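Understanding the architecture of this molecule
As a plain string of letters, each chain reads:
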Amino acid sequence: SPIAPFAFDRDAVMQIVINLIDNSLKYAKEAQDKRIVVRTHQENRYVVIEVEDYGPGVPKSQQKKIFEAFYRCCDESTRQTTGTGLGLALVKRFVLAHHGVVEVLNTKPSGVIFRIRLAR
């Protein structure tokens, strides 16, 4: 939907979206529904960016930990995804630099929405 102009760091916001899409590609690659949906809209004094996939979601117990640098879900010996564990940590840092917040919402029957709110 239309968003009124506002000041933001273009490179940082691009990196947020790239990291979230990359994360979806890694963790939802075995999902039956392969779609990744990116939505934007304005909500009061925030611009909202959502990235949704239909993969396994994020266990409640790990939803805060996934934003820590070098943290990776699952047991190292059974993990099949590649990466350093820095993508979501960078997302959180860039969002905080924009005076925003990041949320993780599991969807039913499966999937996850990463919702980013950036202050206008």
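For the structure, check the block above.
This report concerns the structure included in the present document. (Residues numbered from 1 in each chain as written. Predicted model: local features only at pLDDT ≥ 70, side-chain atom pairs only at ≥ 80, totals over all residues. Heavy atoms only, no water.)

**Considerations on helix α2 (residues 87-97)**
- Inspection of α2 places Leu-88, Ala-89, Val-91 and Val-95 among the buried residues, and these make up the whole buried set. On an axial view of α2, the arc spanned by its buried residues comes to 155°, and they lie on one face. Exposed residues lying more than 90 degrees from the buried face of α2 are Arg-93 and Ala-97.
- Next to the buried residues of α2 lie α1 (10-27), β3 (101-106) and β4 (112-119).
- A positive backbone phi angle near 55° is found at His-99, which sits one or two residues after α2. (Buried < 20%, exposed > 50% of the residue type's maximum accessible area, 1.4 Å probe, protein only. Helix = DSSP H or I, 4+ residues; strand = E, 2+ residues; numbered from the N terminus. Arc of directions from axis to C-beta. Contact = heavy atoms within 4.5 Å.)

**Section: the nonpolar core**
- Ranked by size, the top nonpolar core spans 18 residues in total, and within it Leu-20, Val-91, Phe-114 and Ile-116 carry the most contacts.
- When contributions to this core are tallied by element, the ones reaching two or more residues are α1, β2 (46-53), α2, β3 and β4.
- Here Val-91 is in contact with Ile-16, Asn-19, Leu-20, Val-102 and Ile-116, once residues within four sequence places are set aside. (Core = buried A, V, L, I, M, F, W, Y, C linked by side-chain atoms within 4.5 Å.)

**Looking at the sheet that holds strand β1 (residues 36-43)**
- With antiparallel pairing, four strands are arranged side by side in an open sheet as β1-β2-β4-β3. Taken across any chain shown, the strands that pair with only one partner, and hence form the sheet edges, are β1 and β3. Across the sheet, the mean angle from the axis of one strand to that of its neighbour is 15°, orientation sign disregarded.
- With eight bridges joining them, β1 and β2 adopt antiparallel strand pairing. Pairing of Val-37 across the sheet is with Glu-52, part of β2.
- Packed onto the sheet, α1 meets β1, β2 and β4 and runs at close to 20° relative to β2.
- Contacts from α2 reach β3 and β4, with the element oriented near 30° to β4. (Pairing = 2+ DSSP bridges. Axes fitted to C-alpha atoms, helices over the stretch in contact; angles between N-to-C directions.)

**Here's the deal with the layout of surface pockets**
- Put simply, the second largest pocket is a space of about 160 Å³.
- For the second largest pocket, the full set of lining residues is Gln-63, Lys-64, Phe-67, Lys-92, Val-95, Leu-96, Gly-100, Val-101, Val-102, Glu-103 and Val-104.
- Counting residues per element, the ones that place at least two in the lining of the second largest pocket are α2 and β3.
- Considering each element in turn, the lining of the second largest pocket owes the most residues, four residues, to β3. (1 Å grid on protein atoms, 1.4 Å probe; cavity = no way out; pocket = protein on both sides within 12 Å on 5 of 7 lines; lining within 4 Å. Points joined across faces, edges and corners; volume = space filled by probe spheres on them.)

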